[in-house]
Amino acid sequence: MRNLDPIFEPKSIAVIGASHEPGKIGHVITKNFIDGGFMGRVYPINPNASEILGLKAYPTVGDVPDKIDSAVVAVHAELVPSVLQQCGEKGISGVVVISGGFSEVGNYKLEQQLVDVAKKYNINVIGPNCLGVLNPAARNDSIFLPMYKMGRPKVGDISFISQSGAVGGCIIDLAARAGIGMGKFVSYGNASVVDEADLLDYLANDDKTRVIVAYIEGVKRGRAFMDAAKKVTAEKPVIVLKAGRGKAAQEAAKSHTGALAGSHEVYSAAFKQCHIIEADGLEDLFNFSKILDYPICSGDRIGIITNGGGTGVLAVDEVEKNGLQLAKFSESTREQLRKLLPNYANATNPLDIVGDADSNRYEQAIDIVTKDPNVDFLVIIVLFQTVGIDSRVVNVIVKAREKGQKPIAVISTGGEYTEFHRRIMDSYGVPTYGSPEDALRSVAKFVGYCKAKKPVK
Amino acid sequence: MIQMPALDFESSLSLLKRHGVRFPDYGVAKSPAEAARMAKKLGYPLALKLISKDILHKTDVGGVKLNIADEKQLSKAYSEIASAVPKSKLDGILIQKMAPQGVELLVGGKMDVQFGPVIAFGLGGIFVEIFKDVSLRVCPIDKNDAREMIREIKGYPILAGARNTKPVDEAALVELLVNVSKLMMGNKITELDLNPVMAYSNGYYAVDARILVP
């Protein structure tokens, strides 16, 4: 396994191609290290400057008198192999090459030179042609997108790997806005040295990562990827969005099997064999990852609490559609609920605590239903539009999440007031959804993963 | 399009048989007299199939005759197939015992660029192109994988015995899939089709085979 610690948790970092000019990538990266509060030392490397953004600059990494753990490279593609060689001579073992202009534009020769240098000096190279690396816990941020344009997520335990820089940038920005905590992020570009299988291996052993999310266009080493994925998914969930559903290979096929087993279908099969959860789109990545942050689920029996009858019925439909079971409340649960509820409400699942419910009634209903041994997973529907509901219900739900008796998901459909409260809950680790469809589809993925993790009978 | 040579029919069959794939009894005849002798030994009804390296879709050229019931039909079918292609392209005619009708399935293999050998299972015969109801796995697979593949297709109720029909022999199909997986792992094969495979409540027969090699 490759030791990528220097890349994710460096104590000192060189920015090769650091610049004075605000429009330059090397400037943004240097500035982000400073503004982001990176706690290690930063060495700007630029042969034409003695100081950049208040930091002493050096002509080459070789001129830096101290030890350097990692380097970020943002220079012209042609210069990358020689710069990489200097890193090797300096003993830097982890390098992120942001620069583009390699195999992605047909320049295979230059990329091969990069690979050769990396091999010679045993350097773990991320990229080339990538967005950079982000580790919020270490305040390590080599993402070259300015902070005022792209938000940075809080510290969490969901780690992301993205082949595409563009999609990677969107993922970071969306995660930041949705209040989702991030473990590590890496955009790995051309994967010429460190590829997705290496990254999976590394994150599998990273105790700060609980869930791995990947955006992949194509894997480099199919079998190695599967081997790595099988090992990881036995420990933690892996969610993959695979893009590029090419048809070219199918058109060339001569047999039935050839035509049916297109590249995307084979990817899906491989994912299934490794217990990888396949996402259908970018939204899925977040919908699935935040629920898979729960450690375990005891089964597929869903309890539902709602303050709106209709949304409860929609949720029941989705329970069925996604192959889950509607829990049957125990007699003792029903007895307690009858005491709690107004006499016009039914003490059955889905539990409609009716339109005048307030946070107190939610608290008691949640308490009763979570204790029911017939319930494996609790779906709480909160419609924030009603008179009785205000921010206090958020406290109730977050407290229930922290008690951790049963996994919980919240469905809140609505506008700005609703969205505001959803964000708070999400940032406290309560997965929230805007619709019963999104919620139960995600619950089903979580339940399915937990089932697959148990030994097959 | 890249031209991929097909393995000739006899080599395909013998390779598959070595891997435990079951076919109805057959022989390859080079003349009508030989065909008649084989027919007597095999017993009717029979299927006759054109063998030619140059022709991939033998049905399209009239190279398949089914349910041959007696010697008269045999000689007619033989001459029709023989005259369907130029003599130089005729490598022989397969005389095969007709497999009874069963549930028609497809078992296939493919070399995938990223993942290597892949195995497919699904509804076969004329349903293949319409329903595209297949499950796939990257090889090698074990018996559990094979069972999962069988139960995963949408048409599984047909195999499990829908509407008072007997369920097909799942254990035999599991064995077939594991064997084809071994074959894919141990040989350089670009594409492989067993279609149809007739599944019965007791066993199965692979009726037709096509193997493409690099």
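In this text, all values refer to a predicted model and were calculated from it rather than measured experimentally. (Residues numbered from 1 in each chain as written. Chains lettered and ligands numbered in written order. Predicted model: local features only at pLDDT ≥ 70, side-chain atom pairs only at ≥ 80, totals over all residues.)

Trainee: Sorry if this is basic, but what is going on with the overall build of chain A here?
Mentor: Secondary structure summary: chain A contains 17 helices and 20 strands in total. Each principal axis of the C-alpha atoms in chain A carries an extent, and together these give about 80 × 60 × 35 Å. Summarising the internal contacts of chain A: among those between residues at least 6 apart in sequence, 74% fall at separations of at least 24. (Helix = DSSP H or I, 4+ residues; strand = E, 2+ residues; numbered from the N terminus. Contact = placed C-beta atoms within 7 Å.)

Trainee: What is the right way to look at unusual backbone geometry in this model?
Mentor: With omega at 5°, the peptide bond leading from Asn349 of chain A into Pro350 of chain A counts as cis. Following the sequence through the fold, Pro350 of chain A ends up in the loop between helix H13 (331–340) and strand S17 (351–352). Across the junction of Asn195 of chain B and Pro196 of chain B, the peptide omega takes the value 0°, indicating a cis bond.

Trainee: It is not clear to me how the environment of Leu194 of chain B should be interpreted in this structure. Could you clarify?
Mentor: All names here are of chain B. Within the secondary structure, Leu194 sits in strand S8 (residues 191–199). Take Leu194: there are 29 C-beta atoms within 10 Å of it, and that puts it in the buried class. Placed 13 residues apart in sequence, Leu194 and Val207 show a C-alpha to C-alpha distance of 7.3 Å. When residues no more than four places from it in sequence are discounted, the contact partners of Leu194 are Val21, Leu106, Val107, Gly108, Ala206 and Ala209. (Buried ≥ 20, exposed ≤ 12 C-beta atoms within 10 Å, placed from the backbone.)

Trainee: Looking at this structure, I do not really get the sheet that holds strand S8 (residues 132–135) of chain A. What am I missing?
Mentor: What links the strands of a sheet is backbone hydrogen bonding, and the strands pair in either a parallel or an antiparallel sense. All names here are of chain A. Taken together, the seven strands give an open sheet; going across it, the order is S9-S8-S11-S10-S12-S13-S14, and neighbouring strands pair in mixed fashion. The open sheet has two edge strands with one neighbour each: strand S9 (140–141) and strand S14 (277–279). Where S8 meets strand S11 (residues 182–187), three bridges bridge the pair, whose relative direction is antiparallel. Within S11, the residue paired with Val133 across the bridge is Val186. (Pairing = 2+ DSSP bridges.)

Trainee: What is the right way to read the packing of helix H15 (residues 392–403) of chain A against helix H16 (residues 416–427) of chain A from this model?
Mentor: If you want to describe how two helices pack, look at the angle between their axes and the distance between the axes. Residue and element names in this part refer to chain A. One can describe the packing of H15 onto H16 by two numbers: an axis separation of 10 Å at closest approach and a directional angle of 25°. Judged by the angle between their axes, H15 and H16 are roughly parallel. The element H15 and its partner H16 pack so that their crossing is right-handed. Residues Val394, Ile397 and Val398 of H15 lie in contact with H16, whose contacting residues are His421, Ile424 and Met425. Of the residues contributing to the contact of H15 with H16, the split by class is five nonpolar, one polar and no charged. (Axes fitted to C-alpha atoms, helices over the stretch in contact; angles between N-to-C directions. Parallel < 35°, antiparallel > 145°, perpendicular 65-115°, else oblique. Left-handed = near helix turned anticlockwise from the far one by under 90°. Nonpolar A, V, L, I, M, F, W, Y, C, P; charged D, E, K, R; others polar.)

Trainee: Would you mind showing me how to read the pairing of strand S2 (residues 46–51) of chain B here?
Mentor: The side chains of a regular strand alternate between both faces of the sheet. All names here are of chain B. The element S2 is extensively covered by neighbouring structure, given that six of its six residues are classed as buried. Residues Leu46, Leu48 and Leu50 point to one face of S2 and Ala47, Lys49 and Ile51 to the other, with burial holding for every one of them. Two elements, S2 and strand S3 (residues 64–68), share three bridges in a ladder whose sense is antiparallel. In the strand pairing of S3, Lys49 is matched with Val64.

Trainee: I keep staring at helix H12 (residues 309–321) of chain A and nothing clicks. Help me out?
Mentor: Every α-helix carries 3.6 residues per turn, so stepping three or four residues along brings you back to the same face. All names here are of chain A. With 13 residues, H12 ought to run about 18 Å at 1.5 Å a step, and its terminal C-alpha atoms sit 19 Å apart, in line with that. Of all the positions in H12, only Thr311, Gly312, Leu314, Ala315, Glu318 and Val319 are classed as buried. The buried residues of H12 occupy one face: seen down the axis, they fall within an arc of 160°. For H12, exposure combined with an orientation more than 90 degrees from the buried face picks out Gly310 and Glu320. Check the buried side of H12 and you find it contacts strand S15 (301–306), strand S16 (325–326), S17, strand S18 (377–381), strand S19 (408–411) and helix H17 (436–453). (Expected span 1.5 Å × (residues − 1). Arc of directions from axis to C-beta.)

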